[in-house]
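# Residue-level structural notes
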Amino acid sequence: MTPTVPTVGVLALQGDVREHLAALRAVGAEAVGVRRARELEAVDALVIPGGESTTIDKLLRAFDLVEPVRERLRAGMPAYGSCAGMILLADRLIGAIEGQQTLGGIDMTVRRNAFGRQVDSFETDLDIAGIAGTVHAVFIRAPWVEQVGDAAEVLARVEGGPAAGRIVAVRQGPLLVTSFHPEVTGDTRVHRLFVDIVRESR
Ligand code: GLN
């Protein structure tokens, strides 16, 4: 049997698109930027990058992508969101700006800019369910997950420091989110986990 190469789109409206494209290619996926509904139709899965969730939300609406993406998510398209992408895949938000919407998909409540000022940006090693060894995680004005519903599985929590115990990685079916940015460290294991989810779900 020839292994099929999945095509994974990276939502290319704002944020660290190039880093995700590179990480996806490094783990053997075909990776393409997605900015239009017809580009969305051509992908097996979607990555929503880190960046600024309020800006990505506005651009999703300006590019008429909100309903097409929601429809694909409802139909079971795998998606991975890092940081701002985690915010966009949350069913509920704390700390949203006025009028800010999410795409939704994961039964969880996410708090924006959760790691207060003194830890606006920080790094720590995490144990992540499904990944062998620890992963060095970089958090940049990151959200955390306040609460998850029954269908959502917690994959990682911060171990020490002021944010000890906070949930920073979650999976619900084919949807994966992390508060941190694996795309900036050169460690491709989270992208590999996601591409494995994409392969499984085909
Ligand atoms: N604080 C940003 C937001 O609310 C997310 C930060 C990030 O993606 N690095 O969108």
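Residues numbered from 1 in each chain as written. Predicted model: local features only at pLDDT ≥ 70, side-chain atom pairs only at ≥ 80, totals over all residues. Heavy atoms only, no water.

## What about the site of the ligand?
- Surveying the vicinity of the ligand reveals the residues Gly 50, Gly 51, Glu 52, Ser 53, Cys 83, Ala 84, Ile 87, Arg 112, Asn 113, Ile 140, Arg 141 and His 181.
- Between the ligand and Gly 51, the relevant distance is 2.9 Å, taken from an oxygen atom to a main-chain nitrogen or oxygen of the residue.
- Between the ligand and Arg 141 there is a distance of 3.0 Å, counted from a nitrogen atom to a backbone nitrogen or oxygen.
- For the ligand, whose accessible area on its own is 300 Å², the fraction buried by protein is 95%.
- Taking a 2 Å distance to the grid points as the criterion, the majority of the atoms of the ligand fall inside the largest pocket.
- Of the residues in the shell around the ligand, the class split is four nonpolar, five polar and three charged. (Near = heavy atom within 4 Å. Polar contact = N/O pair within 3.5 Å; in protein donor to acceptor, adjacent residues only side chain to side chain. Areas by Shrake-Rupley, 256 points an atom, 1.4 Å probe, with all protein chains shown as cover. 1 Å grid on protein atoms, 1.4 Å probe; cavity = no way out; pocket = protein on both sides within 12 Å on 5 of 7 lines; lining within 4 Å. Sits in = over half its atoms within 2 Å of the grid points. Nonpolar A, V, L, I, M, F, W, Y, C, P; charged D, E, K, R; others polar.)

## Thoughts on helix H6 (residues 189–200)
- An ideal rise of 1.5 Å per residue puts 16 Å on 12 residues; H6 measures up with 16 Å between its terminal C-alpha atoms.
- Summarising the contacts, the buried residues of H6 are in contact with strand S1 (7–11), helix H1 (17–26), strand S3 (45–48), strand S4 (79–82), strand S11 (167–172) and strand S12 (175–178). (Helix = DSSP H or I, 4+ residues; strand = E, 2+ residues; numbered from the N terminus. Expected span 1.5 Å × (residues − 1). Contact = heavy atoms within 4.5 Å.)

## A short note on the nonpolar core
- If you look at the biggest cluster of nonpolar residues, it comprises 38 residues, and the most contacted ones within it are Leu 24, Phe 115, Ile 128, Phe 139, Leu 176, Phe 180 and Phe 194.
- Counting only elements with at least two residues in this core, the list comes to S1, H1, S3, strand S7 (121–127), strand S8 (134–140), strand S10 (153–157), S11 and H6.
- If you tally residues by element for this core, the top one is H6, at six residues.
- Leu 40, Leu 60, Ala 84 and Val 170 belong to the second largest nonpolar core, which has 31 residues in total. (Core = buried A, V, L, I, M, F, W, Y, C linked by side-chain atoms within 4.5 Å. Buried < 20%, exposed > 50% of the residue type's maximum accessible area, 1.4 Å probe, protein only.)

## Topic: the pattern of salt bridges
- Enumeration over the complete set of coordinates arrives at nine salt bridges.
- A salt bridge links Glu 52 to Arg 112, with the shortest nitrogen-to-oxygen separation between them at 3.1 Å. With Glu 52 in the loop between S3 and helix H3 (53–62) and Arg 112 in the loop between strand S6 (106–111) and S7, this residue pair connects regions lying 60 residues apart in the sequence.
- Several salt bridges share partner residues, and in doing so they unite Glu 67, Arg 70 and Arg 74 into one network. (Salt bridge = Lys/Arg side-chain N within 4 Å of Asp/Glu carboxyl O.)

## Some points on unusual backbone geometry
- Even without being a glycine, Cys 83 presents a positive backbone phi close to 60°.
- The class for Cys 83 is buried, based on a relative accessible area of 3%.
- Within the chain, Arg 141 stands out as a residue other than glycine whose phi angle is a positive 40°.
- By the secondary structure assignment, Arg 141 is in the loop between S8 and strand S9 (144–148).

## A short note on the pairing of S3
- In S3, alternate side chains face the same way, and those of Ala 45 and Val 47 on one face and Leu 46 and Ile 48 on the other are all buried.
- Bridging between S3 and S4 involves three bridges; their strand directions are parallel. Counted as the bridge partner of Leu 46 is Ala 79 from S4. (Pairing = 2+ DSSP bridges.)

## Details of the pairing of S12
- Burial along S12 is two-sided: Leu 175 and Val 177 and Leu 176 and Thr 178, pointing in opposite directions, are all buried.
- Bridge count between S4 and S12: four bridges; the pairing is parallel. Within S12, the position partnered with Ala 79 by the bridge is Leu 175.
- Examined bridge by bridge, S11 and S12 share four bridges and lie antiparallel to one another.

## Thoughts on the packing of aromatic side chains
- Scanning all chains against the criterion turns up six aromatic pairs.
- For the ring pair Phe 115 and Phe 122, a centre distance of 5.2 Å and an interplane angle of 50° mean the geometry is tilted.
- Residue Phe 115 is classed as buried on the basis of its relative accessible area of 2%.
- Ring geometry for Phe 115 and Phe 139: centres 5.2 Å apart, planes at 50°, overall tilted. With Phe 115 in the loop between S6 and S7 and Phe 139 in strand S8, the pair connects residues that are 24 residues apart, well separated along the chain. (Phe/Tyr/Trp six-rings, centres within 6.5 Å; stacked < 30°, edge-to-face > 60°.)

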